[in-house]
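Structural features, examined
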Amino acid sequence: MFNVTERAESMTGEELEKFLNDFKTHEPKTPSESWDAYFMKLAYQVRERSSCHRKVGALIVRENRILATGYNQPPSGFPHCDETECIRDALKIPSGQNQELCYAAHAEQNALSQAARFGIATNGSTIYVTHRPCSICARLIINAGIKRVVFGEGYPDPLTEFMFDRTGVIMINYSM
């Protein structure tokens with residue numbers, strides 16, 4: 001049987017030099033998916049941590065490295081959405097209205113809070129979100145220096161697009 005350790009010990013400098021001189025690359029047999037596709041899949045996976053029946057996930061990424069994640073969830077120590085009646089359902093509040101009337105912080109808010117808690121700068125980053133941000137989250141995204149928003153599903157808040165357009169934040173609908 002071939003012993004790798006013995007072979008490495010017996011390899012000559014000439015053999016190594018020949019191998020390195022003959023080093024070649026080629027196209028991968030299966031091309032990698034785009035970074036946007038990869039991070040959007042992860043955002044959809046992150047949202048599964050939410051106990052809210054309106055699950056949303058977010059990732060903040062810079063230079064293709066994940067800085068922080070978040071999902072919609074009440075603040076630490078407050079009962080989770082599956083432990084109490086949903087205030088939005090009880091008051092029959094339609095999606096896109098009165099965002100402040102909810103026990104949960106939005107996924108984007110939780111991702112930004114996580115970054116702040118651990119001292120992670122978000123300036124120049126991209127946020128991947130399963131749903132288009134509301135205008136409240138848009139304000140936070142702008143002030144956090146995030147330059148690009150990639151989202152999967154719509155959300156009925158026209159102020160978001162207006163604010164991003166006026167501040168130069170790029171918003172991309174990436175439907176999966």
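One can find the structure itself at the top, above this paragraph.
Read on for a plain summary of the structure. None of the values given here were measured: they were computed from a predicted structure. (Residues numbered from 1 in each chain as written. Predicted model: local features only at pLDDT ≥ 70, side-chain atom pairs only at ≥ 80, totals over all residues. Heavy atoms only, no water.)

1. Topic: the packing of helix H5 (residues 107–117) against helix H6 (residues 135–143)
Running from amino to carboxyl end, H5 crosses H6 at an angle of 25 degrees, the nearest separation of the two axes being 9 Å. Between H5 and H6, the interaxial angle falls into the category roughly parallel. Helix-helix and strand crossings are classified by hand; for H5 and H6 the assignment is left-handed. Mapping the contact onto sequence places Glu 108, Gln 109 and Leu 112 in H5 and Ile 136, Cys 137, Leu 140 and Ile 141 in H6. (Axes fitted to C-alpha atoms, helices over the stretch in contact; angles between N-to-C directions. Helix = DSSP H or I, 4+ residues; strand = E, 2+ residues; numbered from the N terminus. Parallel < 35°, antiparallel > 145°, perpendicular 65-115°, else oblique. Left-handed = near helix turned anticlockwise from the far one by under 90°. Contact = heavy atoms within 4.5 Å.)

2. Side note on the pattern of salt bridges
Tallied over the full model, the rule gives seven salt bridges. The shortest N-O distance in the salt bridge between Lys 41 and Glu 33 comes to 2.8 Å. For Asp 89, the salt bridge is made with Arg 54, and the minimal N-O distance between the two is 2.9 Å. Of the two residues, Asp 89 sits in helix H4 (residues 87–90) while Arg 54 sits in the loop between helix H3 (35–46) and strand E1 (57–62), which places them 35 residues apart along the sequence. When its relative accessible area of 37% is taken as the criterion, Asp 89 is described as partly exposed. (Salt bridge = Lys/Arg side-chain N within 4 Å of Asp/Glu carboxyl O. Buried < 20%, exposed > 50% of the residue type's maximum accessible area, 1.4 Å probe, protein only.)

3. A word on the side chain of Thr 122
Assignment of secondary structure puts Thr 122 in the loop between H5 and strand E3 (126–131). For Thr 122, the side chain forms a polar contact with the main-chain oxygen of Ala 144, separated by 2.7 Å. With residues near it in sequence (within four places) discarded, Thr 122 still touches Ile 60, Arg 62, Leu 112, Ala 115, Ala 144, Gly 145 and Ile 146. (Polar contact = N/O pair within 3.5 Å; in protein donor to acceptor, adjacent residues only side chain to side chain.)

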